[in-house]
Amino acid sequence: MMLLQKIAKRAVLFAFLALGASSLVNAQSGSAGAWPTQKPIRLIAVFPPGGSVDQVARVLAPALQSELKQNVIVENIGGASGVIGTSAMTRSDADGYAFAVVFDTHGVNPSLKDKLPYDTIKDIAPVILVGTSPMVLVASKKSGITSFKQLVDMSKTGKQFSYGSIGIGSLGHLAMARLAKQAGFDWNHIPYRGGGPLMQDVLGGQVELAVGSEFLVKPHIDSGGVIPLVITTAKRSAALPNVPTISESGFPGFSAPAWWGVLAPAKTPPAVVDAMNKALNKVLKTPAVADKFKAQGIDIVGGTTETLRDFIGKQIAVWGKFVIENNIKETGQ
């Protein structure tokens, strides 16, 4: 009888210790075991409504909500080429309920801007590289431009064209700046606050040319609102097979893909970041997400948090060097 009582007491003690160990793990991971049951998840789109960042966030949100069994709310905080929204994310509680969808400007802003309200490396936890896509140079139907060759020939005669992008230092701006430098063109850059306002003006003919991600411009190409001239990646896009690349149009080796990533505040518990990464990897493989992204020209990447960390590091190195070497300023062209 005494033996049975001792065994029972030991069993209770081991159960208590196991519970304590479990509680300790959850405490160290920011209650990761309970995540995300406490409140809705904020998914901050760092550009205004209507652009590709907004659209990517709104494709991801319902699929994430289904996967995580928690409300996911898209919140647009645009401005300063993604800086204002990213800053809002870094200043949010690092409890696993605030994330941001960023664009390629994230890798350029450290070199472009004199001072950021956050450290691009220290204040941010990379979560996942959603995907990449060609940038597409399109012409307004009112411009009279119907092909890239025509645009090049007219530019060589000294005619100056105006093109819009989502902002100074955006990948679209830098890609066209690099092209203009290689070709000796004198193009006028018009920065916009986001893809939505940019497309409104090119559709209305207020700007002759626009450069944006395939995800942003393809619906307007499909509807006949704009004319696609050329894409910025090394290979043609499966979604736009008849649109030539810049590389095959007289400028060999040219490549500048757009990209989207998801970030979290730096102090977000690693267990939560890992859980979000796994959830997003699952979501990116669902037909509801994969088919929509494929239709808009996004090549899904996914992978580990380190995949995004390494990718951002390379983007900062490549485009940061271009910005510095060409003295591109936030107030200049």
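Residues numbered from 1 in each chain as written. Predicted model: local features only at pLDDT ≥ 70, side-chain atom pairs only at ≥ 80, totals over all residues. Heavy atoms only, no water.

How would you explain the overall build of the chain if you had to name every residue and give the values?
Looking only at helices and strands, the chain features 11 helices and 11 strands. Taking all 333 residues of the chain together, the buried fraction comes to 51%. Sequence separation of 24 or more characterises 79% of the internal contacts of the chain that already satisfy a separation of 6 or more. Counting only carbon and sulfur atoms, one obtains 56% of the accessible surface of the chain, whose full area is about 15,100 Å². (Helix = DSSP H or I, 4+ residues; strand = E, 2+ residues; numbered from the N terminus. Buried < 20%, exposed > 50% of the residue type's maximum accessible area, 1.4 Å probe, protein only. Contact = heavy atoms within 4.5 Å. Areas by Shrake-Rupley, 256 points an atom, 1.4 Å probe, with all protein chains shown as cover.)

Report on the environment of Y163, specifying residues and quantitative values.
As for its placement among the helices and strands, Y163 is situated in strand β6 (residues 162–165). Spatially, the C-alpha atom of Y163 lies 5.1 Å from that of A210, the residues being 47 residues apart in sequence. Not counting residues up to four positions away in its chain, the partners in contact with Y163 are H173, M176, A177, W187, N188, H189, I190, V207, L209 and V211.

Quick one: what's the story with the sheet that holds strand β7 (residues 188–191), residue by residue and with numbers?
Read from one edge to the other, the open sheet built from 5 strands follows the order β7-β6-β8-β5-β9, with strand pairing classed as mixed. At either end of the open sheet lies a strand with only one pairing partner, and these are β7 and β9 (226–231). In this sheet, adjacent strand axes meet at a mean angle of 30° when their direction is disregarded. Here β6 runs beside strand β8 (residues 209–213); their pairing, made up of 2 bridges, is parallel. Looking at the pairing, G164 lines up with A210 of β8. Each of β5 (135–140), β8 and β9 is contacted by helix α8 (residues 214–222), which is oriented at about 120° to β8, the strand it contacts most. (Pairing = 2+ DSSP bridges. Axes fitted to C-alpha atoms, helices over the stretch in contact; angles between N-to-C directions.)

Account for the packing of aromatic side chains, naming residues and giving values.
This structure, assessed with the given rule, holds 9 aromatic pairs. Seen from their ring centres, F103 and W260 are 5.4 Å apart, and the 40° between their planes marks the pair as tilted. With F103 in the loop between β3 (98–102) and α4 (109–112) and W260 in strand β10 (residues 258–265), this pair connects stretches of sequence that are 157 residues apart. For the pair F103 and W260, one class covers both residues: buried. Members of the aromatic cluster, joined through ring pairs, are F47, F103, F215, W260 and F293. Its end group placed over the ring of F161, K159 keeps NZ or CZ at 5.2 Å from the ring centre. (Phe/Tyr/Trp six-rings, centres within 6.5 Å; stacked < 30°, edge-to-face > 60°. Lys NZ or Arg CZ within 6 Å of the ring centre and 35° of its normal.)

So what's going on with the pattern of salt bridges? Which residues, and what values?
Using the criterion set out here, one finds 10 salt bridges in the structure. With a shortest N-O distance of 2.9 Å, D95 and K39 are connected by a salt bridge. Here D95 is found in the loop between α3 (83–90) and β3, whereas its partner K39 is found in the loop between α1 (2–28) and β1 (41–45), with 56 residues between them in sequence. By relative accessible area, which is 22% here, D95 ends up partly exposed. On the basis of relative accessible area, K39 is assigned to the partly exposed category, the value being 34%. Residue E325 pairs with K321 through a salt bridge whose shortest N-O separation is 3.9 Å. One end of the pair, E325, and the other, K321, are both in helix α11 (residues 305–325), 4 residues apart, so they sit about a helical turn from each other. Taking the relative accessible area as the measure of exposure, E325 reaches 53% and is therefore exposed. Since its relative accessible area comes to 52%, K321 is described here as exposed. (Salt bridge = Lys/Arg side-chain N within 4 Å of Asp/Glu carboxyl O.)

Tell me what's going on with the side chain of D104, and back it up with residues and numbers.
With respect to the helices and strands, D104 occurs in the loop between β3 and α4. Lacking a salt bridge, the buried D104 has K113 as its closest oppositely charged neighbour, with an N-O distance of 12 Å. In this structure the side chain of D104 is engaged in a polar contact, spanning 3.1 Å, whose partner is the backbone nitrogen of L171. If we ignore the near neighbours within four places in the chain, the residues touching D104 are M135, S170, L171, A258 and W259. (Lys, Arg positive; Asp, Glu negative; His and termini not counted. Polar contact = N/O pair within 3.5 Å; in protein donor to acceptor, adjacent residues only side chain to side chain.)

Can you lay out unusual backbone geometry for me, pointing to particular residues and giving the numbers?
A cis amide bond, omega 0°, links W35 with the succeeding residue P36. Positive phi outside glycine occurs at A80, with the angle close to 55°. Position of A80 relative to the elements: it lies in the loop between β2 (72–76) and α3. At N327, a residue that is not glycine, the phi angle is positive and equals roughly 50°. Considering the arrangement of structural elements, one finds N327 in the segment after α11. Judged by relative accessible area, N327 falls into the exposed class, the value being 54%.

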